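Residues per chain, in single letters:
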Amino acid sequence: GDGAQRRWQIDIRRRGRQAQGRHQQARRYVVRGERVEHPGARDNEALAFVGDAVLGLVVAEHLAATEPAAAVGVLTPRRAELVSGASLARWAERLALGDCLRLGRGEAQTGGHAKESVLATALEAVLGAVYREAGLPGAARVSAALGLW
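A quick note: this is a predicted structure, and the numbers were derived from the prediction, not measured.

> Now, about the overall build of the protein: what can you tell me, with residues and values included?
Looking only at helices and strands, the protein has eight helices and zero strands in total. Across the protein, helices and strands are ordered from the amino to the carboxyl terminus as α-α-α-α-α-α-α-α. Relative to its full complement of 149 residues, the protein shows a buried share of 42%. Across the protein, contacts joining residues at least 24 apart in sequence account for 62% of those joining residues at least 6 apart. As presented, the protein carries roughly 7,800 Å² of accessible surface, and 53% of it is formed by carbon and sulfur atoms.

> Can you explain the environment of Ala 89? Please cite residues and give values.
Topologically, Ala 89 is positioned in helix H6 (residues 85-94). We classify Ala 89 as buried; its relative accessible area is 4%. Sequence spacing of Ala 89 and Glu 124 is 35 residues, and the spatial spacing of their C-alpha atoms is 9.8 Å. Dropping the residues within four chain positions of it, Ala 89 is found in contact with Glu 116, Leu 119 and Ala 120.

> Give a detailed account of helix H4 (residues 45-66), specifying residues and quantitative values.
In this model, H4 (22 residues) spans 31 Å end to end at C-alpha, consistent with the 32 Å of a helix rising 1.5 Å per residue. Looking at H4, one finds that the buried residues are Leu 47, Ala 48, Val 50, Gly 51, Val 54, Leu 55, Gly 56, Val 58, Val 59 and Leu 63.

> Residues and numbers for the nonpolar core, please.
The nonpolar side chains of a soluble globular protein tend to be buried, and buried together. Of all hydrophobic cores here, the largest spans 29 residues; its most connected members are Leu 55, Leu 97, Leu 123, Leu 146 and Leu 148. For this core, the secondary structure elements donating two or more residues are H4, H6 and helix H8 (116-146). With 11 residues, the top contributor of residues to this core is H8. With near-sequence residues (within four places) excluded, Leu 123 lies in contact with Leu 88, Trp 91, Ala 92, Leu 95, Leu 97 and Leu 146.

> Can you lay out the pattern of salt bridges for me, pointing to particular residues and giving the numbers?
Working definition: two side chains of opposite charge can pair if their charged atoms are close together. Using the criterion set out here, one finds two salt bridges in the structure. The salt bridge partner of Glu 67 is Arg 78, with a shortest N-O separation of 2.0 Å. Linking Glu 67 in the loop between H4 and helix H5 (72-82) with Arg 78 in helix H5, this pair joins segments that are 11 residues apart in sequence. Judged by relative accessible area, which is 36%, Arg 78 ranks as partly exposed. Between Arg 90 and Glu 81 there is a salt bridge whose closest N-O contact spans 3.8 Å. Its relative accessible area of 46% is what places Glu 81 among the partly exposed residues.

> I'd like a rundown of the packing of H4 against H5, residues and numbers included.
Contact pair H4 / H5: the axes reach a minimum separation of 10 Å and the direction vectors enclose 135 degrees. As summarised for this structure, H4 and H5 are arranged oblique, according to the angle between their axes. In this structure, the crossing between H4 and H5 has a hand that is right-handed. Here H4 contributes Gly 56, Val 59, Ala 60, Leu 63 and Ala 64 to the contact with H5, which in turn contributes Leu 75, Arg 78, Arg 79 and Leu 82.

> Can you tell me about the packing of H6 against H8, naming the residues and giving the values?
How two helices sit against one another is set out by the angle between their axes and by the gap between those axes. Taken N-terminus to C-terminus, the directions of H6 and H8 make an angle of 80 degrees; their axes are 8 Å apart at the nearest point. When the axes of H6 and H8 are compared, the pair comes out roughly perpendicular. Seen from H6, the contacting residues are Gly 85, Ala 86, Leu 88, Ala 89, Trp 91, Ala 92 and Glu 93; seen from H8, they are Glu 116, Leu 119, Ala 120, Leu 123, Glu 124 and Leu 146. Tallied by class, residues from the contact of H6 with H8 come to nine nonpolar, one polar and three charged.

Conventions and cut-offs
Residues numbered from 1 in each chain as written. Predicted model: local features only at pLDDT ≥ 70, side-chain atom pairs only at ≥ 80, totals over all residues. Heavy atoms only, no water. Helix = DSSP H or I, 4+ residues; strand = E, 2+ residues; numbered from the N terminus. Buried < 20%, exposed > 50% of the residue type's maximum accessible area, 1.4 Å probe, protein only. Contact = heavy atoms within 4.5 Å. Areas by Shrake-Rupley, 256 points an atom, 1.4 Å probe, with all protein chains shown as cover. Expected span 1.5 Å × (residues − 1). Core = buried A, V, L, I, M, F, W, Y, C linked by side-chain atoms within 4.5 Å. Salt bridge = Lys/Arg side-chain N within 4 Å of Asp/Glu carboxyl O. Axes fitted to C-alpha atoms, helices over the stretch in contact; angles between N-to-C directions. Parallel < 35°, antiparallel > 145°, perpendicular 65-115°, else oblique. Left-handed = near helix turned anticlockwise from the far one by under 90°. Nonpolar A, V, L, I, M, F, W, Y, C, P; charged D, E, K, R; others polar.

Below, the structure is given as structure tokens:
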């Protein structure tokens, strides 16, 4: 619901502010263009890669548990829709995740904070970070709290 969404928005913003002083945490919110402009910076793509895989598994498990009689041919497109870039970007927008990103100048000037691909990747990175910190059960709880399905 709206309460859970608001709590996650506040938590993600808080993490973004805390990240400014901690290198490991900060890389979670850095986008590739920022790394190009600042060669020592690390981007969030490795966490996004992990988050993408974790999200696929979490959603697949949720769908299989809630619709045990459904055929794979029915569940597969449902999973694809739930983990699509457009769906993830909508959730990232609702969380105002774009405000937490460190973008390169060019990306920022062209509206990168609102780009679907940037927002989707950022949300995947957040889920990857949750997985690394809290494991699969934590990632499943966050996905459910966000209402990703």
